[in-house]
Amino acid sequence: MEHLAAHLWPILDQIQGYIYPNEVELYWRVLIVIYPYITGLVAGAFILASLVKVFNVKELQPTYRLSMLTALAFLIVAPMPLLFHLGHPERAFEIFLTPNRSSAMAMFGYVYIWYLMAVLLLEIWFDYRKDLILWSQQGKGLKKWIQKLITLFSKDISEKALKFDKAAVKVITIIGIPSAFLLHGYVGFIFGSIKANPWWSSVLMPIVFLFSAMVSGMALVLLLYQILMLSRRKEISMPTLDKLADYLFYTMIVAFSLEALDFIHRIYESEESIKIVSQLISGKLFVSLVVIQLLLGMLIPLFTFASIKLFRFPAELRKLLYFVAALLVQVGIFTTRWNVVIGGQLFSKSFRGLTTYKMSIGGTEGLLVALMFLILPFIILYFLIKILPPWKESGTP
Amino acid sequence: MKKILDIIPEQVKRLLIPVSILILSFILLRSFLIPPDFGKYGHYRASAVDEIAAKDIKYIGQEACEDCHDDVVAKKNMSYHRNVMCEVCHGPSAAHIEDPDGNKLSAPRERGYCPLCHEYIPARPTGFPQIVSESHNPMKACIACHDAHDPAPPEVPKECEACHAEIARTKAVSHHMEVSCTRCHETSEEHKVDPRNFRPSKPMTREFCGSCHAQKADASKELTRIDLATHGERYVCWQCHYPHLPESK
Amino acid sequence: MSCLSVSFPSLLAAKDNKNNSILDGSYDPQSHSWGMGIMIDKCIGCGRCANACKMENNVPQLPFYFRTWVERYIIYEGGEVVVDSPNGGVDGFKRRIHDKKILRSFFVPKLCNQCDKPPCVQVCPTGATFRTKDGVTLVDSKYCIGCEYCIQACPYGARFLDPQTRVTEKCTFCYHRIIKNMPPACVEVCPTQARVFGDRKAHASPLVRFMRMNKILVLKPYLNTEPAVFYAGLDMEVR
């Protein structure tokens, strides 16, 4: 018994003020930070892909398939940190058996399956079907059979069939956009609907989550596009990159406005919790909230994008600036998730004290496992790109 | 029918196979895996209630003690500890009742136990008997003088301080340190043996405090003086001032 | 054994037949609505309730897991408030050394509020935590997946994850006792009757009297959880 709580004894000395005795242990740890971060990337990447199909943004065509595959790779990983965090992962299936209709979390299973099966997989399947049939006719060995299996051995590439594929992709994208909104908006709702926690409880939470998700997803595709093009020694299309950065810039402005609104609203209403929340922001969360999330993750990239719009920088410099800004945005969005999840548990619900969170290195909820879940999507993406090359030139042979 | 099948594109037909397998197996698994008693009373497993209801009882209650130790319980029930159940001091006793010789109960004999309730702590309600253990017969076990089953002090307390430690300690460092309790509180002898039914009095007039603090009062010149006619005329003095620590704001 | 059978025949029946359903006729959940009253002015902070609760319910004997605990509030002149609950009050309280003057000070026993509108039940994804017909919120430890969402949703800090079983635990109002007409362990051992337990539906019960005789308040009423733990003499500083 003693060893099970060994990590809690040192925390007793670091408590400031009074916290309820059951609050010494911080229950939602780094894996629960990773989960909304990853689903955010999924939603963001998908919405970016939808811009191509629904709004016909020609410049973004080169990133369409990459965005879809990125979304899929991250979506596959999304539930894993949740599973690792559960006290009884082997009982997780109960969420599908007896979902409690009043629980936001119970809906997770259905929203996830809907989004994975009905939206992402289907759209990718219809979009790639013709290419896969053609590739499998030329290819050989294992790859040929994997590709055949993925097409479900369909062979019809008549004009009529291809027209149907195109229409299907369009319809699924149209269904997909609200679905992506639902997927991440609902993650925000999981936190925003907890009335016991004033740091989380906010009607703006789902929409703030959604826009930060779009920001992170677009920034990720921007990064991946540059890295992959460089590694393939291909020319980066500047109109594509500029357009991508444009959309990222506009989305960031909305995201920033929403966050600012939320912040101002809290300060202005100045409810019972304001004292402990200001203590939190000026103390334990100062570096991660003010320095990293706000300054590095939001203001500096915003300033960078704005100055690129104002002044004519050469293409090479633009590439570099886009890259650095997108990287900062990633770090910023990750700390946003951290500040919500961890920050919301650092103060006591008695509003009288603060506790502390020490991430372990090893263990099922340590730094190493967390890093694994952040790297795993890229490994999956690597294999997805191998089987389903997203490049135009490898398209129709 | 054939026509409808023809309209559906080839790829969709193929797609329908894995999709329907997935949906069917989900429905099948679901009906197979849901606990049969789930949802009987509400959205939960009905037998969970029975499992919780069947947990072992450890604190069996005083009535069970009475069956064998009726003399002790009767004595206790006549004393100040009448509302303190046996298991508060002797611990959970269900096992003892099952096997009285195998599971002997203990009684706290050391000096540390009684102060759990009776040590002076400002948060404790006034009037609850409290002592300051450093000065209350140090080193002596509580049970050397007090019978826990009839804890009335061996001698009727001479000083109010024995029970009203909080007030005594406050007053001892205040300007009123020289004023005896009985100067302000008329206390009958019965109060010492039946404190709740014979309560001490409180001064009910302004003139009572005025006998020292009024401008013309016959008392030491150093005392604070006020004009009874103009100073807080509607109130009895202790409605604003705390006589046990009059200098506090 | 013999003395028990005289006073508690119902108990023996329960022991003989472990599988007896609570609905075997001897207990009707529909006809009860349990609640607790707490009189702040009577609590002496001895912590026997927190101690007995751990014994009765096998709560881990560590200072991080409590089904009930006692808080001490010290409000100094000038308004500074200090709250503490060393080991939940299980070992009692020690006098603090004060360098400031105390304005008022008191103890507050805390436990699950057995809300009529429990936010923990609302968020539980599987139905592992639920409210019974007699108004007690329980956890099915064989069904709980340990997602800890209920812990986040509880405004009162009344839940914890048991480090051994890896499922959520909380106060059950000693459900195994109250259905046998015995008070919860904390009420049983309270030496000053600061805790009053009873049936809100009863025509006459200690709780009904408590609610008749006192001005009562619940914790965080603005959250609309409608607690079934009622406080008499609650201070504005208590949260």
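Residues numbered from 1 in each chain as written. Chains lettered and ligands numbered in written order. Predicted model: local features only at pLDDT ≥ 70, side-chain atom pairs only at ≥ 80, totals over all residues. Heavy atoms only, no water.

A.B. asks: In this structure, what is going on with the overall build of chain B? I would like to understand it.
C.D. replies: From N to C terminus, chain B includes twelve helices and zero strands. Taken against the 2.2 N^0.38 rule, which gives 18 Å for 249 residues, the C-alpha radius of gyration of chain B at 36 Å runs more than 25% over that of a compact globule. Split into buried and exposed, the 249 residues of chain B put 29% on the buried side. Here the analysis covers contacts within chain B between residues at least 6 apart in sequence; of these, 49% occur between residues at least 24 apart. Accessible area of chain B: about 16,500 Å², with a carbon and sulfur share of 61%. Computing the positive centroid from 31 side-chain charges and the negative centroid from 35, chain B places the two 9 Å apart. (Helix = DSSP H or I, 4+ residues; strand = E, 2+ residues; numbered from the N terminus. Rg over C-alpha atoms; globule rule 2.2 N^0.38 Å. Buried < 20%, exposed > 50% of the residue type's maximum accessible area, 1.4 Å probe, protein only. Contact = heavy atoms within 4.5 Å. Areas by Shrake-Rupley, 256 points an atom, 1.4 Å probe, with all protein chains shown as cover. Lys, Arg positive; Asp, Glu negative; His and termini not counted. Charge placed at Lys NZ, Arg CZ, Asp CG, Glu CD.)

A.B. asks: For this particular structure, what's the right way to read unusual backbone geometry?
C.D. replies: Generally, phi is negative for residues other than glycine and the peptide bonds are trans, each holding for most cases. Residue and element names in this part refer to chain C. The residue phenylalanine 173 is not glycine, and still its phi comes out positive at about 60°. If you trace the backbone, phenylalanine 173 turns up in the loop between strand 8 (168-169) and helix 6 (175-178). According to the relative accessible area criterion, phenylalanine 173 is buried, its value standing at 1%. Its identity as a non-glycine residue notwithstanding, glutamine 193 has a phi of 55°, on the positive side. The topology assignment puts glutamine 193 in the loop between helix 7 (185-189) and strand 9 (195-199).

A.B. asks: Got a minute to help me understand a positive patch on the surface in this structure?
C.D. replies: A grouping of Arg196 and Arg199 of chain B together with Lys42, Arg209 and Arg212 of chain C is seen on the molecular surface, where their side chains present a positively charged patch. Along the chain, arginine 196 of chain B falls in the loop between helix 11 (181-184) and helix 12 (206-213). On the accessibility criterion, arginine 196 of chain B (56% relative accessible area) is exposed. (Patch = residues over 30% accessible without salt bridge, like charges linked within 9 Å, V, L, I, M, F, W, Y side chains within 5 Å. Salt bridge = Lys/Arg side-chain N within 4 Å of Asp/Glu carboxyl O.)

A.B. asks: When you look at the interface of chain C and chain B in this model, what are you seeing that I'm missing?
C.D. replies: Size of an interface: often given as the accessible area lost when the parts come together. Listed as interface residues are 60 residues of chain C and, on the opposing side, 49 residues of chain B. Buried surface at the junction of chain C and chain B, summed over both partners, amounts to about 4,600 Å²; 61% is from carbon and sulfur atoms. Linking chain C with chain B are four salt bridges. The salt bridge involving arginine 95 of chain C is made with glutamate 119 of chain B; its shortest N-O contact spans 3.6 Å. Our enumeration of links across chain C and chain B arrives at twelve residue pairs in polar contact (both at pLDDT 80 or more). Breaking the side of chain C that touches chain B down by element, the ones donating at least two residues are helix 1 (2-7), helix 2 (9-16), helix 3 (48-57), strand 4 (102-111), strand 5 (129-131), strand 6 (137-139), helix 6 and helix 7 of chain C. Looking at side-chain class alone, the side of chain C that touches chain B contains 27 nonpolar, 14 polar and 19 charged residues. (Buried area = accessible area lost by both parts, 1.4 Å probe. Polar contact = N/O pair within 3.5 Å; in protein donor to acceptor, adjacent residues only side chain to side chain. Nonpolar A, V, L, I, M, F, W, Y, C, P; charged D, E, K, R; others polar.)

A.B. asks: Whenever I open this one, empty space enclosed by the protein confuses me. Can you help?
C.D. replies: Leftover empty space is mapped by rolling, across the atoms, a probe with the size of a water molecule. All chains considered together, the criterion is met by seven cavities of 30 Å³ or more. Counted as a void, the largest cavity has a volume near 190 Å³. The wall of the largest cavity is formed by 17 residues, among which Glu23, Glu25, Gln345 and Lys349 of chain A together with Gln152 of chain C lie closest to the centre. Elements represented by at least two residues in the lining of the largest cavity include exactly helix 14 (343-346) of chain A together with helix 5 (149-153) of chain C. (1 Å grid on protein atoms, 1.4 Å probe; cavity = no way out; pocket = protein on both sides within 12 Å on 5 of 7 lines; lining within 4 Å. Points joined across faces, edges and corners; volume = space filled by probe spheres on them.)

A.B. asks: Can you walk me through the state of the cysteines in this structure?
C.D. replies: Formally, a disulfide is one covalent bond, and it connects the sulfur atom of one cysteine to the sulfur atom of another. Residues and elements named next belong to chain C. Within this structure, the stated rule accounts for zero disulfides over all chains. No disulfide involves cysteine 49; its sulfur sits 6.3 Å from the nearest other cysteine sulfur, which is in cysteine 46. On the basis of relative accessible area, cysteine 49 is assigned to the buried category, the value being 9%. (Disulfide = S-S within 2.5 Å.)

A.B. asks: Explain the domain arrangement of chain B to me, please; I cannot follow it from the model alone.
C.D. replies: Residue and element names in this part refer to chain B. Domains assigned within chain B are domain 1 (62-162) and domain 2 (175-239). The interface of domain 1 with domain 2 comprises five residues on the first partner and six residues on the second. The junction of domain 1 with domain 2 conceals about 420 Å² of combined surface from both sides, 62% of it contributed by carbon and sulfur atoms. Considering only the side of domain 1, the residues that lose the most area to domain 2 are Tyr80, Val156 and Cys160, jointly responsible for 70% of the buried surface there. At the junction of domain 1 and domain 2, the tally comes to zero residue pairs in polar contact (both at pLDDT 80 or more). (Domains from an automatic or database assignment.)

A.B. asks: Looking at this structure, I do not really get the sheet that holds strand 2 (residues 68-76) of chain C. What am I missing?
C.D. replies: Residues and elements named next belong to chain C. With respect to topology, three strands assemble into an open sheet ordered 3-2-4, the strand pairing being antiparallel. Strands with a single pairing partner mark the edges of an open sheet, and in this sheet they are strand 3 (81-84) and strand 4. Averaged over all pairs of adjacent strands, the angle between strand axes in this sheet comes to 20°, irrespective of strand direction. Summarising the sheet, strand 2 and strand 3 pair through four bridges and their orientation is antiparallel. Across the sheet, the residue bridging to isoleucine 74 is valine 82, located in strand 3. (Pairing = 2+ DSSP bridges. Axes fitted to C-alpha atoms, helices over the stretch in contact; angles between N-to-C directions.)

A.B. asks: I tried to follow a nonpolar patch on the surface on my own but got confused; where do I start?
C.D. replies: On the surface, a cluster of nonpolar side chains totalling about 720 Å² of accessible area is made up of Tyr110, Ile113, Met117 and Leu121 of chain A together with Val19, Leu22, Ile23, Phe26 and Ile27 of chain B. Only helix 6 (106-138) of chain A together with helix 2 (10-33) of chain B provide two or more residues apiece to the nonpolar patch. With five residues, helix 2 of chain B is the largest single contributor of residues to the nonpolar patch. By the secondary structure assignment, isoleucine 113 of chain A is in helix 6. Assessed through its relative accessible area of 34%, isoleucine 113 of chain A is described here as partly exposed.

A.B. asks: For this particular structure, what's the right way to read helix 12 of chain B?
C.D. replies: Owing to its 3.6 residues per turn, the α-helix brings residues three or four apart onto one side. Residues and elements named next belong to chain B. For helix 12, the complete set of buried residues consists of Arg206, Gly210 and Cys212. Along the long axis of helix 12, the arc covered by the buried residues comes to 160°, so they all point the same way. In this fold, the buried residues of helix 12 make contact with helix 11. (Arc of directions from axis to C-beta.)

A.B. asks: Would you take a moment to explain the interface of chain A and chain C for this structure?
C.D. replies: Each partner contributes to the interface: chain A provides 45 residues, whereas chain C provides 54 residues. Taken together, both faces of the contact between chain A and chain C bury some 4,300 Å²; the carbon and sulfur share is 54%. When the buried surface of chain A facing chain C is broken down by residue, Asn22, Tyr27 and Arg352 of chain A rank first, second and third, together holding 16% of it. Across the contact surface, chain A and chain C share two salt bridges. Close ionic contact of glutamate 272 of chain A with arginine 239 of chain C constitutes a salt bridge, the shortest N to O distance being 3.6 Å. Summed over the shared surface of chain A and chain C, the number is 33 residue pairs in polar contact (both at pLDDT 80 or more).

A.B. asks: How should I be thinking about the nonpolar core in this particular structure?
C.D. replies: Most often, soluble globular proteins have nonpolar side chains that are buried together. Counting residues in each nonpolar core, the largest one holds 149 residues, and the members touching the most others are Trp28, Tyr115, Leu120 and Phe191 of chain A together with Tyr65 and Tyr149 of chain C. Excluding anything up to four places from it in sequence, tyrosine 65 of chain C contacts Ala5, Leu8, Asn22, Glu25 and Tyr27 of chain A together with Lys54, Val59, Pro60, Phe160, Leu161 and Pro163 of chain C. Counting 52 residues, the second-largest nonpolar core is a separate cluster that includes Ala123 of chain B together with Trp34, Leu138 and Tyr231 of chain C. (Core = buried A, V, L, I, M, F, W, Y, C linked by side-chain atoms within 4.5 Å.)

A.B. asks: Just to check I follow, could you spell out helix 10 (residues 165-172) of chain B for this structure?
C.D. replies: Residue and element names in this part refer to chain B. Here helix 10 lies mainly inside the structure; six of its eight residues are buried. Listing the buried residues of helix 10 in full gives Ala165, Glu166, Ile167, Ala168, Thr170 and Lys171. Here the buried face of helix 10 lies against helix 11.

A.B. asks: Please clarify how the packing of helix 3 (residues 64-77) of chain A against helix 9 (residues 205-231) of chain A should be interpreted in this entry.
C.D. replies: When two helices pack together, their arrangement is given by the angle between the helix axes and the distance between those axes. All names here are of chain A. Axis separation between helix 3 and helix 9 bottoms out at 10 Å; the angle between their running directions is 115°. It follows that helix 3 is roughly perpendicular to helix 9 by the angle criterion. Between helix 3 and helix 9 lies a crossing whose hand is right-handed. Here Leu66, Ser67, Thr70 and Phe74 of helix 3 lie close against helix 9, whose contacting residues are Leu220, Val221, Leu224, Tyr225 and Leu228. Looking at the contact of helix 3 with helix 9 residue by residue, the class counts come to seven nonpolar, two polar and no charged. (Parallel < 35°, antiparallel > 145°, perpendicular 65-115°, else oblique. Left-handed = near helix turned anticlockwise from the far one by under 90°.)

A.B. asks: Looking at this structure, I do not really get the pairing of strand 2 of chain C. What am I missing?
C.D. replies: Side-chain direction in a regular strand flips from residue to residue, so the side chains alternate between the two faces of the sheet. Residues and elements named next belong to chain C. Burial of strand 2 is extensive: nine of the nine residues sit out of reach of the surface. The alternating pattern of strand 2 places Thr68, Val70, Arg72, Ile74 and Tyr76 on one face and Trp69, Glu71, Tyr73 and Ile75 on the opposite face, and all of these are buried. In this sheet, strand 4 lies alongside strand 2 in antiparallel orientation, the contact comprising nine bridges. Its bridge partner lying in strand 4, tryptophan 69 is registered against lysine 110. The antiparallel pairing of strand 2 with strand 3 creates a hairpin that spans four residues between the two strands, and glycine 78 there sits at a positive phi of about 105°.

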